[in-house]
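# Observations on the three-dimensional arrangement
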Amino acid sequence: MISSDSRICLASGFVVFIEQAPKYQLSHCLSPLHGNGPKWLLFTEFVEHYKLIGVEHFYVYVKDIDEYSARVLNDYVRTGEIETTFLRTNDRPGGLYLRATIRDCIHRSRHHSRYVIIGDLDERIVLSGTETLTGYVTNVMTLHPNVASLRFKARYVVCTGHLPVYYNVMEMGVHRTRLLFSNYETFFVPVADAFIRHMRYPDRWTERELPTILSYGKMETTNYPEHLMPVLYQRVKERLDRVYLVNSTTTQRLLAATISTP
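Residues numbered from 1 in each chain as written. Predicted model: local features only at pLDDT ≥ 70, side-chain atom pairs only at ≥ 80, totals over all residues. Heavy atoms only, no water.

An unreviewed UniProt entry annotates the protein as Glycosyltransferase family 92 protein of Nippostrongylus brasiliensis. Per UniProt, the protein carries the Sequence similarities (unreviewed entry) text "Belongs to the glycosyltransferase 92 family." Its UniProt record gives the protein a comment under Subcellular location (unreviewed entry), which states: "Membrane". (UniProt positions renumbered as here; feature names shortened; annotations may be inferred.)

On to the side chain of Thr 134, then. Here Thr 134 is to be found in helix H4 (residues 133-143). Classification of Thr 134 as buried rests on a relative accessible area of 16%. In terms of polar contacts, Thr 134 uses its side chain to reach the backbone carbonyl oxygen of Gly 54, at 3.1 Å. Apart from residues lying up to four places away in sequence, Thr 134 is in contact with Gln 25, Leu 26, Ile 53, Gly 54 and Val 55. (Helix = DSSP H or I, 4+ residues; strand = E, 2+ residues; numbered from the N terminus. Buried < 20%, exposed > 50% of the residue type's maximum accessible area, 1.4 Å probe, protein only. Polar contact = N/O pair within 3.5 Å; in protein donor to acceptor, adjacent residues only side chain to side chain. Contact = heavy atoms within 4.5 Å.)

What follows concerns the state of the cysteines. Counted by the stated rule, this structure contains one disulfide. A sulfur-sulfur distance of 1.9 Å marks the disulfide that ties Cys 29 to Cys 105. Around the S-S axis, the bridge from Cys 29 to Cys 105 shows a dihedral of about -85° and counts as left-handed. Residue Cys 29 is found in strand E4 (residues 24-33), and its partner Cys 105 is found in helix H3 (residues 98-109); the two are separated by 76 residues along the sequence. For Cys 29, a relative accessible area of 4% puts it in the buried group. (Disulfide = S-S within 2.5 Å.)

Put into structure tokens, the structure is as follows:
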């Protein structure tokens, strides 16, 4: 997460002071959506989670998205909660656009958002208490005026199933600042305050990295924050119901039973 001084910008070599505050206090720069897999559930849960903890706006980069998932993406565009940038070229795999989009989003969000999160679709910052992420970041920046970025440790959540293709049965089983302006530093967030729930579904990553992770110690069962879970469930369901027009009693029962992550 990085901060942007909303009062200063460079114009033709001169320093220009901008009096108005940025439109948003906290936004999120999402790494490019790519690949052919279904994204509708993960994307909806991602947006609604971050809205719950204080994120006001999303900068979304799209390289590849299936037609079904695009329906919920377009619904968020319609309601003004996200803005999209489509990557039209085909000169490289979708994942290789990451560094370019990070740099683009830093400049795109400057003077538009006071603070911005740089993250992936499968990452969720969660706090230990009931404070919002906006409040936590603001407090840290106030207490440490020379801090320009916050770095959160990750805890991997290994999911036991794959994402559903359609909205009928829901089964939910380059990460640091490299360069800062002088006199600024990174604040390492204590795990006791907050951490990233980094979800991993069965793929080559789990086959390759899981043995190494297990060598650090035993795995444990963790849960999404209890005070947020009912609200998250309801908001995800309302959005998907509106987009995909699913209102059957069976679907609601399955959704309630399976939305929580392992």
